[in-house]
Amino acid sequence: MPWKPSDFQITSLGEARYNAADFESIRNVTSDTLFVNDRERVPHQVVFQEGDPLDTSRAFEKAGPREKLFFNPGEVNAAIVTCGGICPGLNDVIRALFMELHYIYQARSVLGFRYGLRGFDPASGLDPIELNHERVSDIQAYGGTMLGTSRGHVAADVVVDRLQAHNIQILFVIGGDGTQRAAHTIWEEVARRGAKIAIIGVPKTIDNDINYVYKTFGFDTAVSFARDALEAAHIEAKGNPKGIGLVKVMGRDSGFIAAYATLASITVNYTLIPEMDFHLDGNHGLLNHLEKRMADKNHAVIVVAEGAGQHLLPESERERDASGNIKHGDIGVYLKQRINQHFKQKGLEVNLKYFDPSYMLRSLPANAQDRIFAANLARFAVHAAMAGKTDMMIGRRFNQFIHVPIPIAVANRKKITLDSELWMAVLQATGQPAKMF
Ligand SMILES: Nc1ncnc2c1ncn2[C@@H]1O[C@H](COP(=O)(O)OP(=O)(O)O)[C@@H](O)[C@H]1O
Ligand SMILES: O=P(O)(O)OC[C@H]1O[C@](O)(COP(=O)(O)O)[C@@H](O)[C@@H]1O
Ligand SMILES: [Mg+2]
């Protein structure tokens with residue numbers, strides 16, 4: 001999508017009306033030097049040609065506590081909702097949002113809407129819960145989200161009716177690309193009504209496919225778990241005559257989990273991701289290559305992302321989920337069948353062990369890195385909201401937390417490019433051919 005200067009402008013609810021320093025609790029933790037002003041920018045690119053000027057026309061607002069606030073914190077009723085698939089760290093975000101709102105800004109109340117956008121629909125019969133210290137204090141120890149989540153459409157006017165009925169001034173929307181699109185439509189409805197409600201996105205996805213967040217929370221935890229699965233597959237492959245370990249991991253449209261788990265484990269011989277084209281048959285196809293490797297090395301490990309090789313599957317297997325996302329056919333099971341069939345037809349022995357740890361790596365509590373990152377996103381989200389920013393998501397680039405207008409964040413999905421350093425590293429670590437077709 002082409003960038004226009006106006007794309008970079010963060011939407012605000014209006015002029016700042018309060019001084020953060022007037023509020024005792026904020027003054028206690030925020031020194032003057034910590035305040036970030038609205039003119040501080042993080043450039044879109046940091047690599048440039050010597051002699052060429054750095055293009056600063058495309059830059060993001062730097063996130064952080066503002067000296068001037070739009071809301072009087074003590075009058076704020078905030079709400080939180082988690083949408084889409086679960087992910088390690090969701091509870092850390094909820095907990096940190098509550099703690100920052102309650103203890104630092106001393107907001108009046110924090111409500112948690114249940115089971116994603118569905119919780120806003122009166123027809124669902126789901127009432128929001130009032131969060132307090134006791135309710136959130138230990139939730140980080142558990143995977144999933146204490147609020148529940150869901151997929152499926154709920155009209156923006158239904159959501160805004162409910163926000164207004166509860167006199168909410170700030171809504172934190174934790175979710176992936178679909179959720180951020182929903183957040184944008186909610187903001188459009190808020191703006192249409194001229195309501196003073198800030199809509200702030202916190203990016204969440206196990207697939208790590210959201211732009212302008214170098215890595216989403218939960219991704220690190222998922223990669224560690226996927227690495228364990230790859231190592232188990234390697235042990236099975238080496239421990240059995242003519243062993244093949246085949247592991248399917250999540251990654252609907254982007255193969256980041258497969259790629260990073262490959263690099264973390266270095267036991268993988270073939271990494272198959274949605275971004276690559278590959279064939280099974282033919283001279284250059286995977287099966288022929290695998291046959292040669294098995295003759296040579298007697299074992300192999302393959303990791304496949306769930307969205308890889310969909311062109312190989314029958315069309316009829318493709319459905320959509322309640323949110324409209326394509327439900328992929330099971331490439332893992334298909335590969336298992338085709339590999340077994342290939343070796344059987346050739347009269348060659350093979351012992352294939354199939355691992356499908358996909359849901360397991362989403363449901364874990366966050367590891368140390370993800371916990372730190374998730375809580376930081378939450379803190380920066382509260383700072384942005386209190387300053388009256390809206391229709392934006394917290395991102396992170398070049399080690400800086402930034403404000404990303406939601407339309408920019410969802411304009412493109414983050415994917416692995418096949419000429420990237422990441423993919424070169426995967427090719428080097430696996431030794432697989434750059435083309436398998
Ligand atoms: N384009 C869209 N406009 C409005 N709401 C959307 C849109 N896409 C998804 N949603 C809603 O956002 C929520 C989460 O979306 P989903 O795609 O399931 O997960 P994720 O946010 O993790 O990508 C669902 O309730 C879905 O209906
Ligand atoms: O079965 P579910 O819960 O709909 O989730 C499956 C999908 O969720 C994901 O784990 C993450 O997707 P989201 O980021 O959209 O939540 C995908 O990798 C996977 O295709
Ligand atoms: Mg999504």
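Definitions and limits used
Residues numbered from 1 in each chain as written. Chains lettered and ligands numbered in written order. Predicted model: local features only at pLDDT ≥ 70, side-chain atom pairs only at ≥ 80, totals over all residues. Heavy atoms only, no water. Near = heavy atom within 4 Å. Polar contact = N/O pair within 3.5 Å; in protein donor to acceptor, adjacent residues only side chain to side chain. Helix = DSSP H or I, 4+ residues; strand = E, 2+ residues; numbered from the N terminus. Nonpolar A, V, L, I, M, F, W, Y, C, P; charged D, E, K, R; others polar. Domains from an automatic or database assignment. Buried area = accessible area lost by both parts, 1.4 Å probe. Salt bridge = Lys/Arg side-chain N within 4 Å of Asp/Glu carboxyl O. Areas by Shrake-Rupley, 256 points an atom, 1.4 Å probe, with all protein chains shown as cover. Patch = residues over 30% accessible without salt bridge, like charges linked within 9 Å, V, L, I, M, F, W, Y side chains within 5 Å. UniProt positions renumbered as here; feature names shortened; annotations may be inferred. Buried < 20%, exposed > 50% of the residue type's maximum accessible area, 1.4 Å probe, protein only. Contact = heavy atoms within 4.5 Å. Pairing = 2+ DSSP bridges. Axes fitted to C-alpha atoms, helices over the stretch in contact; angles between N-to-C directions.

With respect to the site of ligand 1
Phase 1: Near ligand 1 there are 17 residues, and of these Arg151, Gly152, Asp177, Thr179 and Ser323 occur at the shortest range.
Phase 2: Between ligand 1 and Lys204 there is a distance of 2.9 Å, counted from an oxygen atom to a side-chain nitrogen or oxygen.
Phase 3: For the shell around ligand 1, the element with the highest residue contribution is helix 5 (residues 177-193), accounting for five residues.
Phase 4: Among the residues forming the shell around ligand 1, the class breakdown is three nonpolar, 10 polar and four charged.

Remarks on the domain arrangement of the chain
Phase 1: Structurally, the chain comprises domain 1 (5-216 + 364-409) and domain 2 (219-363 + 418-430).
Phase 2: For the pair domain 1 and domain 2, the two sides together bury roughly 1700 Å², of which 50% comes from carbon and sulfur.
Phase 3: Summed over the shared surface of domain 1 and domain 2, the number is two salt bridges.
Phase 4: For the salt bridge of Lys215 with Asp220, the shortest nitrogen-to-oxygen distance reads 2.8 Å.
Phase 5: Inspection of the region where domain 1 meets domain 2 yields nine residue pairs in polar contact (both at pLDDT 80 or more).
Phase 6: Class assignment of the residues belonging to the side of domain 1 that touches domain 2 gives a composition of seven nonpolar, nine polar and five charged.

Topic: the site of ligand 2
Phase 1: What surrounds ligand 2 is a group of 13 residues, the closest being Gly85, Asp207, Arg252, Glu306 and Tyr359.
Phase 2: Between Lys204 and ligand 2, the recorded distance is 2.9 Å, taken from a side-chain N or O atom to an oxygen atom.
Phase 3: In the model, an oxygen atom of ligand 2 is placed 2.8 Å from a nitrogen or oxygen of the Asp207 side chain.
Phase 4: Protein chains bury 83% of the 480 Å² of accessible surface belonging to ligand 2 in isolation.
Phase 5: Here the residues of the shell around ligand 2 are counted per class, giving three nonpolar, four polar and six charged.
Phase 6: For the shell around ligand 2, the two domains that each supply at least three residues are domain 1 (5-216 + 364-409) and domain 2 (219-363 + 418-430).

Let's talk about a nonpolar patch on the surface
Phase 1: Together, Val46, Val47 and Phe398 make up a nonpolar patch on the protein surface, roughly 280 Å² of accessible area in all.
Phase 2: Mapped onto the secondary structure, Val46 falls in the loop between strand 3 (41-43) and strand 4 (59-62).

What to know about the UniProt feature "binding site: Mg(2+)" (unreviewed entry) in the chain
Phase 1: Within the UniProt annotation, "binding site: Mg(2+)" (unreviewed entry) is assigned to Asp177.
Phase 2: Of note, Asp177 is situated in helix 5.
Phase 3: Residue Asp177 is classed as buried on the basis of its relative accessible area, which comes to 18%.
Phase 4: Look past the residues within four positions of Asp177 in its chain and what remains in contact with it is Ile210, Val410 and Arg413.

Topic: the sheet that holds strand 11 (residues 243-249)
Phase 1: Strand order in the open sheet made by the four strands is 12-13-11-16, with parallel pairing throughout. Pairing within the sheet leaves two strands with one partner each, and these edge strands are strand 12 (270-272) and strand 16 (351-355). Along the sheet, successive strands turn relative to each other by an average axial angle of 15°, direction set aside.
Phase 2: One ladder, built from five bridges, connects strand 11 with strand 16; its direction is parallel. Paired with Val247 across the two strands is Phe355, which belongs to strand 16.

Quick look at helix 7 (residues 256-265)
Phase 1: Burial runs high along helix 7: seven of the 10 residues are buried.
Phase 2: Residues of helix 7 that are buried sit in contact with helix 6 (219-239), strand 11, strand 12, strand 13 (299-305) and helix 12 (421-430).
Phase 3: Positive backbone phi, approximately 45°, marks Ile266, located one or two places after helix 7.

Re the environment of His299
Phase 1: Along the chain, His299 falls in strand 13.
Phase 2: Taking the C-alpha atoms as reference points, His299 and Ser224, separated by 75 residues in sequence, lie 23 Å from one another.
Phase 3: In contact with His299, not counting residues within four places along its chain, are His234, Ala237, Lys238, Gly243, Asn269, Arg293 and Met294.

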